[in-house]
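If you want the building blocks of each chain, they are given just below.
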Amino acid sequence: MDIHEYQAKELLSGFGVPVPKGGVAYSAEQAVYRTTEIGGSRWVVKAQIHSGARGKAGGVRLCATDADVRQAAKDLLGKVLVTRQTGPEGLPVHRVLVEQALPIERELYVGLVLDRKHERIVVVAHPHGGMEIEEIAQREPAAILREVVEPAVGMRSFQARELAFGLGLGTQQVNEAMAAVLGAYRAFRDLDATMVEFNPLVVVEDGHVFALDVKMSFDDNAMFRRPNVAELRDYAQEDPREADAAEHGLNYVALDGDIGCIINGAGLAMATMDMIQHSGGEPANFLDIGGGASPDRVAAAFRLVLSDRNVKAILVNVFAGINRCDWVAEGVVQAIREVRVPVPLVVRLAGTNVDEGRRILQQSGLPILTAATLSEAAERVVAARNAGAAA
Amino acid sequence: MSIFVDQQTRLVVQGITGRDGSFHTRQMLGYGTKVVAGVTPGKGGQVFDGVVPVFDTMADAVAETRANTSIIYVPAAVAASAIFEAADAGIALIVCITEGIPVLDMTRVLPYLHERGARLIGPNCPGLISPSRSKVGIIPGNICRPGRIGVVSRSGTLTYEIVHQLSGAGYGQSTCVGIGGDPLIGTSFIHCLSAFQADPDTDAVVMIGEIGGTDEQLAADFIQQAMSKPVIGFIAGQTAPPGRRMGHAGAIIAGSSGTAAEKMAAFARAGIAVMKRPADVVTLLKERL
């Protein structure tokens, strides 16, 4: 789960990370009011969307007067901002962050990630901020500083000090940079983050250190124990169908094709999509109904897949282990009775209680095409789609 | 022979009275697995289905029954705690079926297990089965046949798909292991490959990977350096778009790394026979054996 920059700054500030003075605004009037709270004579108005690269897309405006701030907020609020990371559809701007503009002397990079190889949180730092870490890793891999955190003892202050000195900071700045890094670590650990990034962390003219732009992502699996973070979720920044899927315990990703897929298990779902392509079709979606899928969940899956108007045929492929074919079959039957399925449907069942599942489908008297193997199912659904397109 | 589980496996089920725990305990008992104990706090003293004694704690269950393997079906919020408890009770092999465990819990679990020399399979995995010897987990027993092919996979249901193909063509399995689709897991491809290489009753290995991360590439290096037995490989997600997470937390293509094409190329360089589709497994095995 991602949150907005202003939310991440509020959270991190509570962990002692130095951030610029600022506040969120939902209207141009509120944005102007923020400048009086912040003081000073130069401000930045930043579009709040779940994407980086906002500056290059015109989502960050430097302002010297209240009128500038009002205009910037007016321009951004209600717009759809397309950045290099959002895809062509862009993301809607419903909030802006108004902040004091800082006289920047140096830009640094600091990021905390969960590293699969070390099986630990790793802090990564680089003396040049502003670029994306993937870009840094390609251009100057040798200049990347790393500290691996032992989970039993947590990040130690010497590790933050090594990073700060390694970045070439002076004595006064070392303490402030350490506070930023240690604060980020504690926030990562205490809030179940999967990523905290300062890009850039800046040194300003008077020598103080600030996290100028920050990004935080969180572990969806841990949100049950982090209600204060979970409530920051902004559904306007997500594909509504993917959000709806998550509500039902389904995992849905919209794609460009026209064959709807309802499958149990992520690996089998990917392999089934591959098989549809090998058979000459294009999948409309990835959809994993998970283990122990109840009839209600299967019905929800049908509604979700059919909400994509491009869908011209549907393939249900379930190989049941923790799942049970009879539950899936009941779900399919219930779904077809509740939700009208106006396209050809191919169902392939295998595994636990498969005979019971097939019997339920047969006795339903519904127009369901069946298949015994994955290859057959893929070929049959592509043929059904083509027959429908021809007719 | 087989790897990790066999007739010596004495299993304790953590969460035996829950919906999934009770259903799959019956399946395992029916398969012939020696389920010697169950644990559900507060239900100690009960007897599950008249055959499996239930205990309040893992320590009691192990002391009373000499269980050496545990399987976990408890909810995600308490699953890490169940793993700690199993390791503390002296269990050598812990299989965690539960999906959705917070990943920071796993950063604490893994070093704890390492210090105690316990092996974890999973989490978010289907468990493992040594056909006709022992089934620990949820892999449907009726699709497996005893034999000499080892199977290791990051996926659950895709494993069943491929095992089903193998059994149908007369290729039985020594052991099938599902290692799980999470970013942090207890047992890697390499651990399993190395165990299959050492197992005198495994002739060849089928390895089923997917997009995301670099585990398959590392496994390819290991195969090239340390394995003499033939390996057949598959990667799911050949048509997945980059940047989108495909269900498994581990299955996301970041930038240019973790794509199916890259992994299949690493397999080919290491001399692994690469399947384009699950149905190819039988043809490739015939060529290599």
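Remember, it's a predicted structure, so these values are computed and weren't measured experimentally. (Residues numbered from 1 in each chain as written. Chains lettered and ligands numbered in written order. Predicted model: local features only at pLDDT ≥ 70, side-chain atom pairs only at ≥ 80, totals over all residues. Heavy atoms only, no water.)

1. Points about the overall build of chain B
Here's step 1: Assigned secondary structure in chain B consists of nine helices and 14 strands.
Here's step 2: Relative to the 2.2 N^0.38 estimate, which gives 19 Å for 289 residues, the radius of gyration of chain B is 18 Å and therefore close to what a compact globule would have.
Here's step 3: With the C-alpha coordinates of chain B rotated into their principal frame, the extents come out at 55 × 40 × 30 Å.
Here's step 4: Buried residues in chain B amount to 60% of all 289 residues.
Here's step 5: Of the roughly 9900 Å² that chain B leaves accessible, carbon and sulfur atoms contribute 51%.
Here's step 6: Put simply, chain B has 23 plus and 23 minus side-chain charges, and the middle of one group is 5 Å from the middle of the other. (Helix = DSSP H or I, 4+ residues; strand = E, 2+ residues; numbered from the N terminus. Rg over C-alpha atoms; globule rule 2.2 N^0.38 Å. Buried < 20%, exposed > 50% of the residue type's maximum accessible area, 1.4 Å probe, protein only. Areas by Shrake-Rupley, 256 points an atom, 1.4 Å probe, with all protein chains shown as cover. Lys, Arg positive; Asp, Glu negative; His and termini not counted. Charge placed at Lys NZ, Arg CZ, Asp CG, Glu CD.)

2. Some details on helix α8 (residues 260-269) of chain B
Residue and element names in this part refer to chain B.
Here's step 1: Residues of α8 that are buried: Ala260, Lys263, Met264, Ala266 and Phe267. The buried residues of α8 occupy one face: seen down the axis, they fall within an arc of 155 degrees. Turned more than 90 degrees off the buried face of α8, the exposed positions are Ala261 and Arg269.
Here's step 2: Buried residues along α8 sit against β12 (204-210), α7 (215-226), β13 (231-236) and β14 (273-274). (Arc of directions from axis to C-beta. Contact = heavy atoms within 4.5 Å.)

3. Description of the environment of Val17 of chain A
Here's step 1: For Val17 of chain A, the location among the structural elements is in the loop between α1 (5-13) and β1 (22-25).
Here's step 2: Once residues within four sequence positions are removed from consideration, Val17 of chain A is found in contact with Leu12, Ala180, Gly183, Ala184, Phe198 and Ala211 of chain A.

4. Section: the domain arrangement of chain B
Residue and element names in this part refer to chain B.
Here's step 1: Per the domain assignment, the segments making up chain B are domain 1 (11-121) and domain 2 (139-288).
Here's step 2: One C-alpha centre belongs to domain 1, the other to domain 2; they are set 27 Å apart.
Here's step 3: Across the boundary between the two partners, domain 1 contributes eight residues, which contact nine residues of domain 2.
Here's step 4: Buried area between domain 1 and domain 2, summed over both chains or domains, comes out near 770 Å², and the portion from carbon and sulfur atoms is 63%.
Here's step 5: Viewed at the interface, domain 2 and domain 1 are joined by two residue pairs in polar contact (both at pLDDT 80 or more).
Here's step 6: Breaking the side of domain 1 that touches domain 2 down by element, the ones donating at least two residues are α4 (103-116) and β7 (119-121).
Here's step 7: The leading source of residues in the side of domain 1 that touches domain 2 is α4, at four residues.
Here's step 8: Along the lines of polarity and charge, the residues of the side of domain 1 that touches domain 2 split into six nonpolar, one polar and one charged. (Domains from an automatic or database assignment. Buried area = accessible area lost by both parts, 1.4 Å probe. Polar contact = N/O pair within 3.5 Å; in protein donor to acceptor, adjacent residues only side chain to side chain. Nonpolar A, V, L, I, M, F, W, Y, C, P; charged D, E, K, R; others polar.)

5. A look at the nonpolar core
If you look at soluble globular proteins, the nonpolar side chains tend to sit buried side by side.
Here's step 1: With 93 residues, the main nonpolar core has Ile71, Val95, Val152, Leu193, Val206 and Met207 of chain B as its most contacted residues.
Here's step 2: The leading source of residues in this core is helix α9 (residues 266-278) of chain A, at seven residues.
Here's step 3: Within the second largest apolar cluster, 76 residues are counted, among which are Val19 and Val209 of chain A together with Val39 and Ala67 of chain B. (Core = buried A, V, L, I, M, F, W, Y, C linked by side-chain atoms within 4.5 Å.)

6. Observations regarding the domain arrangement of chain A
Here's step 1: What the domain assignment lists for chain A is domain 1 (1-20 + 102-238), domain 2 (21-101) and domain 3 (240-390).
Here's step 2: With centres defined by C-alpha atoms, the gap from domain 2 of chain A to domain 3 of chain A works out at 43 Å.

7. Some remarks on the packing of aromatic side chains
Here's step 1: Using the criterion set out here, one finds two aromatic pairs over all chains in the structure.
Here's step 2: Considering the side-chain rings of Phe319 of chain A and Tyr160 of chain B, the 5.8 Å spacing of their centres and the 65 degrees angle between planes classify their relative orientation as edge-to-face. Note that Phe319 of chain A is positioned in strand β16 (residues 313-320) and Tyr160 of chain B in helix α5 (residues 157-168), a pairing that runs across two chains.
Here's step 3: Look at Tyr160 of chain B and you get buried, because its relative accessible area is 2%.
Here's step 4: For Arg116 of chain B, the ring lying beneath its charged end belongs to Tyr112 of chain B, and the centroid distance is 3.5 Å. (Phe/Tyr/Trp six-rings, centres within 6.5 Å; stacked < 30°, edge-to-face > 60°. Lys NZ or Arg CZ within 6 Å of the ring centre and 35° of its normal.)

8. Overview of the sheet that holds strand β8 (residues 127-130) of chain B
Residues and elements named next belong to chain B.
Here's step 1: One open sheet holds the seven strands; their spatial order is β9-β8-β11-β10-β12-β13-β14, and the pairing between them is mixed. The strands lining the two open edges of the sheet, one partner per strand, are β9 (134-137) and β14.
Here's step 2: Its contacts with the sheet put helix α1 (residues 19-31) on β8 and β9, and the angle it makes with β9 is roughly 170 degrees. (Pairing = 2+ DSSP bridges. Axes fitted to C-alpha atoms, helices over the stretch in contact; angles between N-to-C directions.)

9. A word on unusual backbone geometry
Residues and elements named next belong to chain A.
Here's step 1: Here the amide bond leading from Asn199 into Pro200 is cis, since omega sits at 5 degrees, within 30 degrees of zero.
Here's step 2: Note that Pro200 resides in strand β10 (residues 193-204).
Here's step 3: Of note, Ala53 is a non-glycine position whose phi angle comes to about 55 degrees, a positive value.
Here's step 4: Relative to the assigned elements, Ala53 resides in the loop between β2 (43-47) and β3 (60-63).
Here's step 5: Even without being a glycine, Glu119 presents a positive backbone phi close to 60 degrees.
Here's step 6: Take Glu119: it is sitting in the loop between β7 (104-115) and β8 (120-126).
Here's step 7: Residue Glu119 is classed as partly exposed on the basis of its relative accessible area of 27%.

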